[in-house]
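Single-letter residue listing:
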Amino acid sequence: MIELVQGPDFAIGSQDAIKALAKKESASLLVLSDSHGRPELLKAIVEKFGGRCDALVFCGDGIGDLCGCLEATKKSKKLFNAFPPVAVFARGNGDYPEFPFDGGEIKVPLHQFLKVAGMKIMATHGHAEGAYYGLGRMGQLALENQADVVFYGHTHIASSQEEDCTRFVNPGSCSRPRGGQLPSFAITQIPGGQERAETSFFSISLTLADGCAFMPYAPLPVF
């Protein structure tokens, strides 16, 4: 369940929920990116996996899809009950700095930071940091802001790798994968303390019977 209010830190959710997330001993994050006009995919993923997660991270290029999914919680009890209590997001190269939302508008930042179970996460799209050319600029931004985990998109290629003690997670694109990959998203476990974050990937396929089916997925390593 989520409160449809944007705070000064840009996250959507009540301040109580945001503060509670920072203090949890451990947390699960539902991580998505690059939906590109497929809000029904976000809705299906949240309905299936959101109830077991403490926050949703969206890495851009589909802010309209995310807003549509959030606003649908007012009409769908199933979606309302499944939506994690906190949502953070970043502006993709195909998104606008502001977007109509719940009778007003929300600000869509290039980067968003959030404390989760004692760790600091960063959400970005990656285009402003040259994600196609490596993790260097994202890593520098993470270092400057003392972020432990960086979530990004833009490349449409799922990956999880560590450089200089920072974990970088790209959930892939849930609608337009590249590099021979499948449509995908991720769930990242933030264990708290000094333990490392662990990420599980899931592929998405469309079925006549159920609409969407999800399977554990192991994307090829990125070198």
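Notes on the structure follow. If you're wondering where the values come from, they're calculated on a predicted model, not measured in any experiment.

Parameters and conventions
Residues numbered from 1 in each chain as written. Predicted model: local features only at pLDDT ≥ 70, side-chain atom pairs only at ≥ 80, totals over all residues. Heavy atoms only, no water. Helix = DSSP H or I, 4+ residues; strand = E, 2+ residues; numbered from the N terminus. Buried < 20%, exposed > 50% of the residue type's maximum accessible area, 1.4 Å probe, protein only. Polar contact = N/O pair within 3.5 Å; in protein donor to acceptor, adjacent residues only side chain to side chain. Contact = heavy atoms within 4.5 Å. Salt bridge = Lys/Arg side-chain N within 4 Å of Asp/Glu carboxyl O.

### Observations regarding the side chain of serine 175
For step 1, the next point in the chain: As for its placement among the helices and strands, serine 175 is situated in the loop between strand S10 (166-170) and strand S11 (184-190).
For step 2, the next point in the chain: Residue classification places serine 175 among the buried positions, given a relative accessible area of 17%.
For step 3, the next point in the chain: In terms of polar contacts, serine 175 uses its side chain to reach the backbone carbonyl oxygen of aspartate 34, at 3.2 Å.
For step 4, the next point in the chain: In this structure, serine 175 is in contact with Asp34, Ser35, His36, Arg38, Leu41 and Pro183, ignoring residues within four places of it in sequence.

### Describing unusual backbone geometry
For step 1, the next point in the chain: Backbone geometry at aspartate 34 places phi at a positive 50 degrees, although glycine is not the residue there.
For step 2, the next point in the chain: Topologically, aspartate 34 is positioned in the loop between strand S1 (27-32) and helix H2 (39-49).
For step 3, the next point in the chain: Look at aspartate 34 and you get buried, because its relative accessible area is 0%.
For step 4, the next point in the chain: Even without glycine at this site, histidine 36 takes up a positive phi of about 45 degrees.
For step 5, the next point in the chain: Looking at the secondary structure, you find histidine 36 in the loop between S1 and H2.
For step 6, the next point in the chain: With a relative accessible area of 24%, histidine 36 lands in the partly exposed category.

### A short note on the pattern of salt bridges
Any two side chains of opposite charge can pair, given that their charged atoms come close.
For step 1, the next point in the chain: In the structure shown here, the tally under the stated rule is 7 salt bridges.
For step 2, the next point in the chain: Aspartate 102 serves as the salt-bridge partner of lysine 74, at 2.5 Å between the closest nitrogen and oxygen. Within this pair, whereas lysine 74 is found in the loop between helix H3 (63-72) and helix H4 (77-82), its partner aspartate 102 is found in the loop between strand S4 (98-101) and strand S5 (104-107), the two being separated by 28 residues in sequence.
For step 3, the next point in the chain: Aspartate 102 gets classed as partly exposed once you look at its relative accessible area, which sits at 32%.
For step 4, the next point in the chain: When the shortest N-O distance is used, the salt bridge between lysine 107 and glutamate 98 registers 3.7 Å.
For step 5, the next point in the chain: Looking at glutamate 98, the relative accessible area reads 37%, which means it is partly exposed.
For step 6, the next point in the chain: Taken together, the salt bridges that share partners define one network made up of Glu98, Glu105 and Lys107.

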